[in-house]
Amino acid sequence: MNEEFFEKAKQGVPIDIATDPNFKDICLKEVHRCREKCFEINTTNPLGADYRKKLDELFLTQLPSSVTIEPPIQVDYGCQVKIADKVF
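What counts and how
- Residues numbered from 1 in each chain as written.
- Predicted model: local features only at pLDDT ≥ 70, side-chain atom pairs only at ≥ 80, totals over all residues.
- Heavy atoms only, no water.
- Salt bridge = Lys/Arg side-chain N within 4 Å of Asp/Glu carboxyl O.
- Helix = DSSP H or I, 4+ residues; strand = E, 2+ residues; numbered from the N terminus.
- Phe/Tyr/Trp six-rings, centres within 6.5 Å; stacked < 30°, edge-to-face > 60°.
- Buried < 20%, exposed > 50% of the residue type's maximum accessible area, 1.4 Å probe, protein only.
- Axes fitted to C-alpha atoms, helices over the stretch in contact; angles between N-to-C directions.
- Parallel < 35°, antiparallel > 145°, perpendicular 65-115°, else oblique.
- Left-handed = near helix turned anticlockwise from the far one by under 90°.
- Contact = heavy atoms within 4.5 Å.
- Core = buried A, V, L, I, M, F, W, Y, C linked by side-chain atoms within 4.5 Å.

S.K.: Explain the pattern of salt bridges here, please?
M.R.: Pairing is possible between side chains of opposite charge, provided their charged atoms come close. The tally for this structure, following the rule as stated, stands at seven salt bridges. For Lys 10, the salt bridge is made with Glu 7, and the minimal N-O distance between the two is 4.0 Å. Of this pair, Lys 10 and Glu 7 both sit in helix H1 (residues 3–10), three residues apart, which is roughly one turn of the helix. Counted as one network, the salt bridges with shared partners bring together Lys 37, Glu 40, Lys 53, Lys 54 and Glu 57.

Structure follows, in structure tokens:
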């Protein structure tokens, strides 16, 4: 992921999605990746062994074991989401 692009967006730097090449190259790729992962998560048994692995893939990190996320979910920029301990 291009952290510089997302950092600018977090700071409120305007992004023209019609002309900014990073939008397609970075943002749309991440949105598509997340939509596919969310579909997989939403069609997986939340009590099964694969469910937790798919959540980790969505957020690109190993979530704390105390975190509970119930389906259905929709996340567009999983690479930008940070989830702390004991979140439900």
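S.K.: How do you make sense of the packing of aromatic side chains when you look at a structure like this?
M.R.: Each aromatic ring pair is specified by the distance between its two centres and by the angle formed by the two planes. Per the counting criterion, the structure on display carries one aromatic pair. Measuring from centroid to centroid gives 5.7 Å for Phe 6 and Tyr 77, while their planes differ by 70°, and the two rings are edge-to-face. Placement of Phe 6 in helix H1 and of Tyr 77 in the segment after helix H3 (49–59) is noted, with a sequence separation of 71 residues between them. According to the relative accessible area criterion, Phe 6 is buried, its value standing at 6%.

S.K.: Where do I start with the packing of helix H2 (residues 21–42) against H3 in this structure?
M.R.: Packed helices, taken two at a time, are described by the angle their axes make and the gap between the axes. Running from N to C, H2 and H3 cross one another at 165°; their axes reach a closest spacing of 10 Å. By the angle between their directions, the pair H2 and H3 is classed as roughly antiparallel. Our pair here, H2 against H3, has a crossing hand that is left-handed. Where H2 approaches H3, its residues Arg 33, Cys 34, Lys 37, Cys 38, Glu 40 and Ile 41 are matched on the opposing element by Tyr 51, Lys 54, Leu 55, Glu 57 and Leu 58.

S.K.: Help me understand the side chain of Lys 54 in this model?
M.R.: Take Lys 54: it is sitting in helix H3. Discounting chain neighbours no more than four positions away, the residues touching Lys 54 are Glu 40, Ile 41 and Thr 44.

S.K.: Sorry, what's going on with the nonpolar core here?
M.R.: Here is a general trend for soluble globular proteins: nonpolar side chains tend to be buried in one another's company. Cys 34, Cys 38, Ile 41, Tyr 51, Leu 55, Leu 58, Phe 59, Leu 63, Val 67, Ile 69, Ile 73 and Val 75 form the largest nonpolar core, which has twelve residues in total. At the level of elements, H2 and H3 are the ones that each hand at least two residues to this core. Broken down by element, this core gets its largest block of residues, four residues, from H3. Once you skip the residues sitting within four places of it in the chain, Phe 59 turns out to touch Ile 69, Val 75, Gly 78, Val 81 and Ile 83. Counting residues in each nonpolar core, the second largest holds six residues, with Phe 6, Ile 26, Cys 27 and Cys 79 among its members.

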